[in-house]
Amino acid sequence: MTSRNWVHLFLTTLVVGSVTTAVVGFIVRWSEFQQLLSTFHMLEFLSILVWLMGVGLIFSILSQMGFFAYLTIHRFGLGVFRSYWNFVQIILIAFVLFDLVYLRYNAFAKTGDSILPYIGIAAIVLLAGLIVAILKAKQTNKEAFIPAMFFMIVVTVIEWVPVLRVNEHSWIYLMLFPLLISNAYQLMVLHKLNQKSMEERKALEAKTKSIKKAQKKPPNS
């Protein structure tokens, strides 16, 4: 990927994370926002909105760190496990989803609490992973399905760990959806930017060759 396209990916992902966090923040904290709007406290409303967008920038940067870390891990996994890498990823996906339910239920559930809310959270992550993986496979090739699932589930949960440890309800959703959307955006746009970078390199090489050819041509007498 060229540096220009990398900067484009970085900046657009920042916008995606920031806007998504603001929207999710509106939904999660709607009672608070509704009260501010009804009493015309616009300055306080805008300050909270800016704060949410700032938090979204942090989530976006965390998402990008996870994305580029996964690209490195994926290459490493292909080199070490070779044809078994997809199987290893499937095992890790199942392990992470199980732990997302089992460990959180054991850590935070009180006596008599239903396990369904904990399963519901894992189901959201799994569903998002399936949707993005299907779209990625359709746009590229079927071999991209499992890596896309792994990234959307395993990497997202790892990025989500700081809030999972606290287990504050509003923060869980406030962080989850920006991470999912930022991760999905990067995954879906990567092959397009790579293709664009290849075309730009080819165009630059052709231009360089034409310039060198023109320099070698003798001047007209």
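Scoring rules and cut-offs
- Residues numbered from 1 in each chain as written.
- Predicted model: local features only at pLDDT ≥ 70, side-chain atom pairs only at ≥ 80, totals over all residues.
- Heavy atoms only, no water.
- Helix = DSSP H or I, 4+ residues; strand = E, 2+ residues; numbered from the N terminus.
- Expected span 1.5 Å × (residues − 1).
- Bend = angle between axes of the 7 residues up to and from the residue.
- Buried < 20%, exposed > 50% of the residue type's maximum accessible area, 1.4 Å probe, protein only.
- Contact = heavy atoms within 4.5 Å.
- pLDDT = per-residue confidence, 0-100.
- UniProt positions renumbered as here; feature names shortened; annotations may be inferred.
- Axes fitted to C-alpha atoms, helices over the stretch in contact; angles between N-to-C directions.
- Parallel < 35°, antiparallel > 145°, perpendicular 65-115°, else oblique.
- Nonpolar A, V, L, I, M, F, W, Y, C, P; charged D, E, K, R; others polar.
- Lys, Arg positive; Asp, Glu negative; His and termini not counted.
- Salt bridge = Lys/Arg side-chain N within 4 Å of Asp/Glu carboxyl O.

## Some remarks on helix α4 (residues 85–108)
Residues that lie three or four places apart on an α-helix share one face, since the helix turns once every 3.6 residues.
Moving on, step 1. Taking 1.5 Å as the rise per residue, α4 with 24 residues should run 34 Å; its terminal C-alpha atoms sit 34 Å apart, in good agreement.
Moving on, step 2. The sharpest bend along α4 reaches about 30° and sits at Asp99.
Moving on, step 3. Taken residue by residue, α4 has Trp85, Val88, Gln89, Ile93, Val96, Leu97, Asp99, Leu100, Val101 and Arg104 as its buried positions.
Moving on, step 4. Close packing links the buried residues of α4 with α3 (42–81), α5 (116–139), α6 (145–166) and α7 (169–216).

## Side note on the confidence of the model for the protein
Moving on, step 1. Residues at a pLDDT of 70 or more form 94% of the protein, whose mean pLDDT is 88.
Moving on, step 2. Mean pLDDT values for the elements of the protein range from 68 in helix α2 (residues 30–38) up to 94 in α5.

## Focus on the UniProt feature "transmembrane region" (unreviewed entry) in the protein
Moving on, step 1. The UniProt record annotates "transmembrane region" (unreviewed entry) at residues 7–28, 48–71, 83–103, 115–135, 144–164 and 170–190.
Moving on, step 2. Helix makes up 90% of residues 83–103 and strand 0%. Its end C-alpha atoms lie 31 Å apart.
Moving on, step 3. Structurally, residues 170–190 is divided into 100% helix and 0% strand, and its ends, taken at the C-alpha atoms, are 31 Å apart.

## Observations regarding the packing of α5 against α7
Moving on, step 1. Where α5 meets α7, the closest approach of the two axes is 10 Å, and the angle between their N-to-C directions is 10°. The orientation of α5 with respect to α7, classified from their angle, is roughly parallel. When α5 is examined against α7, the residues Ile121, Ile124, Val125, Ala128, Val132, Leu135, Lys136 and Gln139 are found in contact with a partner set consisting of Ile172, Tyr173, Leu176, Phe177, Leu180, Ala184, Leu187, Met188, Leu190, His191 and Lys192.
Moving on, step 2. Here the contact of α5 with α7 is built from residues that sort into 15 nonpolar, two polar and two charged.

## Let's talk about the side chain of Glu159
Moving on, step 1. Residue placement: Glu159 occurs in helix α6.
Moving on, step 2. For the buried Glu159, no salt bridge exists, and the shortest N-O distance to an oppositely charged side chain is 15 Å, to Arg165.
Moving on, step 3. In contact with Glu159, not counting residues within four places along its chain, are Leu62, Ser63, Gly66, Phe67, Met175, Leu179 and Asn183.

## Considerations on the side chain of Ser63
Moving on, step 1. Checked against the element boundaries, Ser63 lands in helix α3.
Moving on, step 2. Residue class for Ser63 comes out buried when judged on its relative accessible area of 0%.

## Concerning the environment of Leu116
Moving on, step 1. Topologically, Leu116 is positioned in helix α5.
Moving on, step 2. In this structure, the C-alpha to C-alpha distance between Leu116 and Val88, residues 28 residues apart in sequence, is 28 Å.

## Remarks on α7
Moving on, step 1. For α7, spanning 48 residues, the distance from its first C-alpha to its last is 69 Å, which sits close to the expected 70 Å at 1.5 Å a residue.
Moving on, step 2. At Leu190, α7 is deflected by roughly 35°, the largest bend along its length.

## Section: unusual backbone geometry
Moving on, step 1. Of note in this structure, Arg82 is not a glycine but carries a positive phi near 55°.
Moving on, step 2. Considering the arrangement of structural elements, one finds Arg82 in the loop between α3 and α4.
Moving on, step 3. Classification of Arg82 as exposed rests on a relative accessible area of 64%.
Moving on, step 4. The phi dihedral of Asn167 falls on the positive side, at around 65°, and the residue is not glycine.

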